[in-house]
Amino acid sequence: RVLIGRPIANTQAYVVDGQGGVMPLGVTGELWRGGDGLARGYWRRAELTAEKFVPDGLSGRSGARLYRTGDQVRYLADGSLDYLGRIDQQVKIRGFRIEPGEIEARLKQHPAVREVVVIAWEESDNDRRLVAYVVSDTDVSDERLRDYLREKLPEYMIPPAFVLLDHIPLTPNGKINRQALRALAENRDGHRAAFAAPRDALELRIARLWEDVLNTRPIGITDNFFERGGHSLLAVRMMAQLSRQIGRELPLALILQKQTVQALATFLRQEVEPQDTSPLIAIQPHGRKPPFFCVHPAGGSIICYSALSRHLGIEQPFYGIQTPGLDGVGQQPLTQVESMAARYIEELRRVQSEGPYMLGGWSLGGLVAFEMAQQLRRQGLEVSFLALFDSYLGQSTEIDDDALLLQFISDISGLYELDQSLTEGSDSPSRTIEESLRSLLQEVVRKGCAPPDLNLQQLRRLFEIFRTNVRAMLSYKPQFYPGRITFFRASDQIADISRDPASEWRNMAADGVEVHVVPGDHYTMLREPAVQVMAEWLKVCIELTGSEVETYSL
């Protein structure tokens, strides 16, 4: 810890956010200094002076100015300032601004850590990866360090790789030798005492593929894809390449179930194509708590729930229900919300034969979960918890294919943070659906959101599933629900949506609607870092529904 101390007499020190608002005690921000002795500016550098010396709107003194130091600090309870690093050292990783110095400061608080350096290395496809280099006085594992950081930092700030060293390599003039550290990262990335080497050709193939996709090595057969730095976009790329290598179509949801090399290889050694075409996917099947079932949104996939299931913890079983036929295994999507609910209840009861049930869903998924709760109650079964994540009641309106295509492109853009200009011209009378889909295909492949071998026929099938699901939503006529709804509403509204979905649901539930506002918009609420807040609220709500029960499993 580097303590700056307190402001001296006749000086002021403020900790502020990016807009100049004062941060609460203990919250990190930029240090702005003012008071007597403040310089007038930089010598003959008017632009830099204008950037760093800003009007003082905090002290109330007319004509006063504040200096933006660029230091990341926070006030401690005793009034002293804790220095955490520099703003100009910030890096952006998958849309999140990260200060490596803050990670270093937290790691230095661990009793076993003597020295630490955290570097964000530039990787392929304009991506970055955090690596923590640690000098320890004792034999501490990277898993212990990772668990320690999870208590203090959000998941997206946890380095996927730790390199344990005897000392930090330095250049002849005493600076950190970054070239030597990069070589150590490539050769000893995430040193593990219990490394388990591949045992046959299939395990070796998968491990090498993961090393290429994750750009980290070595990968052992017990390593977890997501704990080694994998995320949803890398999962799409990895599964596409694995399917191409083995000559067999694999569902994307498989990586949610088989997250280690060993588990995935065991599954793939089956010579016969799996016959189970159930839409029920066990994302996290273990734990002592009652299982939580989440229904797919309009796109049909349940990959959007991967981060949420992880943040709910290892004691919370989590099942996703995806659109039948999403993986192209001979089934067609259902055309009515009522028939979806009936089919999904059949699958649900294979895991949990009797209530009480806990159901949820994002967007369209919430609407289907609502109908499932209705049908379960009519069957005399108890529903203890019904959670809707920013779900809208359908409006009985006709919608043509052009409007649906526009909505499909907008949905893909929101999910994968693509340029919203993709929707421009998609509704032009001179542009066919085929041309619009081809343009979308080029963009999602170029941005790495889809595998490079995704073809137009596959994308067209995804659009057909989306179209079927949206039309089912619009034709659905919900009935009054004799229970309680827990509604999670995104704090930021999408520009083209003016309705408040929570207020609409209040007229549909006999026992009322409990509303929790979570950060983000309709799409980002399930992504890092907003999903962490949502998971914490969801855990509290689930805990209030009942006590722990025996493990449910297929």
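Residues numbered from 1 in each chain as written. Predicted model: local features only at pLDDT ≥ 70, side-chain atom pairs only at ≥ 80, totals over all residues. Heavy atoms only, no water.

## Considering the sheet that holds strand β13 (residues 292-295)
So, step 1. Strand order in the open sheet formed by 7 strands is β12-β14-β13-β15-β16-β17-β18, with mixed pairing between adjacent strands. Edge positions in the sheet fall to β12 (280-284) and β18 (513-518), since each has one partner strand and no second. Pairwise comparison of adjacent strand axes, ignoring direction, gives a mean angle of 20 degrees for this sheet.
So, step 2. With 4 bridges connecting them, β12 and strand β14 (residues 318-321) associate as antiparallel partners. Looking at β14, one finds that A282 is bridged to Y319.
So, step 3. Strand contacts of helix α11 (residues 364-378): β13, β14, β15 (357-362), β16 (383-389) and β17 (485-490), with the helix running at about 155 degrees to β15, the strand carrying the most contacts.
So, step 4. Along the sheet face, helix α16 (residues 530-543) touches β13, β15, β16, β17 and β18 and points at about 165 degrees away from the line of β16. (Pairing = 2+ DSSP bridges. Helix = DSSP H or I, 4+ residues; strand = E, 2+ residues; numbered from the N terminus. Axes fitted to C-alpha atoms, helices over the stretch in contact; angles between N-to-C directions. Contact = heavy atoms within 4.5 Å.)

## Thoughts on the environment of L393
So, step 1. Residue placement: L393 occurs in the loop between β16 and α12 (401-416).
So, step 2. By relative accessible area, L393 is classed as buried at 12%.
So, step 3. Along the primary structure L393 and P478 are separated by 85 residues, whereas in three dimensions their C-alpha atoms are 8.1 Å apart. (Buried < 20%, exposed > 50% of the residue type's maximum accessible area, 1.4 Å probe, protein only.)

## Overview of the packing of aromatic side chains
So, step 1. Counted under the stated rule, the structure contains 15 aromatic pairs.
So, step 2. For the ring pair F225 and F226, a centre distance of 5.3 Å and an interplane angle of 85 degrees mean the geometry is edge-to-face.
So, step 3. Looking at F226, the relative accessible area reads 11%, which means it is buried.
So, step 4. One aromatic cluster is present, built from ring pairs that chain together F292, Y305, F318 and F385. (Phe/Tyr/Trp six-rings, centres within 6.5 Å; stacked < 30°, edge-to-face > 60°.)

## Overview of the pairing of β17
So, step 1. Among the 6 residues of β17, 5 are classified as buried, and the element is accordingly described as predominantly covered.
So, step 2. Where β16 and β17 come together, 3 bridges link them in parallel fashion. Looking at β17, one finds that F389 is bridged to F488.
So, step 3. Bridge count between β17 and β18: 6 bridges; the pairing is parallel. Counterpart to I485 in the pairing with β18 is V513.

## Quick notes on helix α2 (residues 100-108)
So, step 1. α2 sits mainly inside the fold: 8 of its 9 residues count as buried.
So, step 2. For α2, the full list of buried residues reads P100, G101, E102, I103, E104, A105, R106 and L107.

## Section: helix α8 (residues 261-268)
So, step 1. V261, L264, A265, F267 and L268 are the residues of α8 that are buried. Relative to the axis of α8, the buried residues are bounded by an arc of 160 degrees and lie together on one face. (Arc of directions from axis to C-beta.)

## Considerations on the sheet that holds strand β11 (residues 161-165)
So, step 1. The sheet built from 3 strands is open, its strands ordered β9-β10-β11 with mixed pairing. With one partner strand each, in any of the chains shown, β9 (113-122) and β11 form the two edges of the open sheet. Shown here is a sheet whose adjacent strand axes are inclined to one another by a mean of 20 degrees, direction ignored.
So, step 2. Inspection of the sheet shows strand β10 (residues 128-136) paired to β11 by 5 bridges, in the parallel sense. Within β11, the residue paired with V134 across the bridge is L164.
So, step 3. α2 contacts β9, β10 and β11 of the sheet and is inclined by roughly 155 degrees relative to β9.
So, step 4. The strands touched by helix α3 (residues 142-150) within the sheet are β9, β10 and β11, with β11 carrying the most contacts at an inclination of about 125 degrees.

## A few points about the pairing of β14
So, step 1. Here β14 shows no split at all, with F318 and G320 on one side and Y319 and I321 on the other all buried.
So, step 2. The pairing of β13 with β14 spans 4 bridges and is classified as parallel. Pairing of V295 across the sheet is with I321, part of β14.
So, step 3. Of the crossover connections in this fold, the one passing from β13 over helix α9 (residues 306-312) to the parallel β14 is right-handed. (Right-handed = clockwise from strand over helix to strand, strands pointing away.)

## Quick word on unusual backbone geometry
So, step 1. A cis geometry characterises the amide bond from G355 onward to P356, with omega recorded as 0 degrees.
So, step 2. Topologically, P356 is positioned in the loop between α10 (337-351) and β15.
So, step 3. Not every positive phi belongs to a glycine, and R44 is a case in point at roughly 55 degrees.
So, step 4. Tracing the sequence through the fold places R44 in the loop between β3 (29-35) and α1 (46-52).

## Some points on the nonpolar core
So, step 1. L359, M372, L386, F408, I485 and W505 are the most contacted members of the largest nonpolar core, which has 57 residues in total.
So, step 2. Counting 55 residues, the second-largest nonpolar core is a separate cluster that includes L202, L214, I221 and C541. (Core = buried A, V, L, I, M, F, W, Y, C linked by side-chain atoms within 4.5 Å.)

## A word on the environment of G18
So, step 1. With respect to the element layout, G18 can be found in the loop between β2 (11-16) and β3.
So, step 2. Taking the C-alpha atoms as reference points, G18 and G29, separated by 11 residues in sequence, lie 8.0 Å from one another.

## Re the packing of α2 against α3
So, step 1. The N-to-C vectors of α2 and α3 enclose an angle of 110 degrees; their axes lie 10 Å apart at closest approach. As summarised for this structure, α2 and α3 are arranged roughly perpendicular, according to the angle between their axes. Packed against α2, whose contacting residues are I103, R106 and L107, the element α3 presents L145, Y148 and L149 at the interface.
So, step 2. For the contact of α2 with α3, the per-class residue count stands at 5 nonpolar, no polar and 1 charged. (Parallel < 35°, antiparallel > 145°, perpendicular 65-115°, else oblique. Nonpolar A, V, L, I, M, F, W, Y, C, P; charged D, E, K, R; others polar.)

## A word on the confidence of the model for the protein chain
So, step 1. Per-residue pLDDT for the protein chain averages 82, and the proportion of residues at 70 or more is 86%.
So, step 2. Of all the helices and strands in the protein chain, helix α4 (residues 178-188) carries the lowest mean pLDDT, 67, while β13 carries the highest, 97.
So, step 3. Across residues 188-194, where pLDDT falls below 50, the model places 26 contacts with residues more than four positions away in sequence or in other chains. (pLDDT = per-residue confidence, 0-100.)

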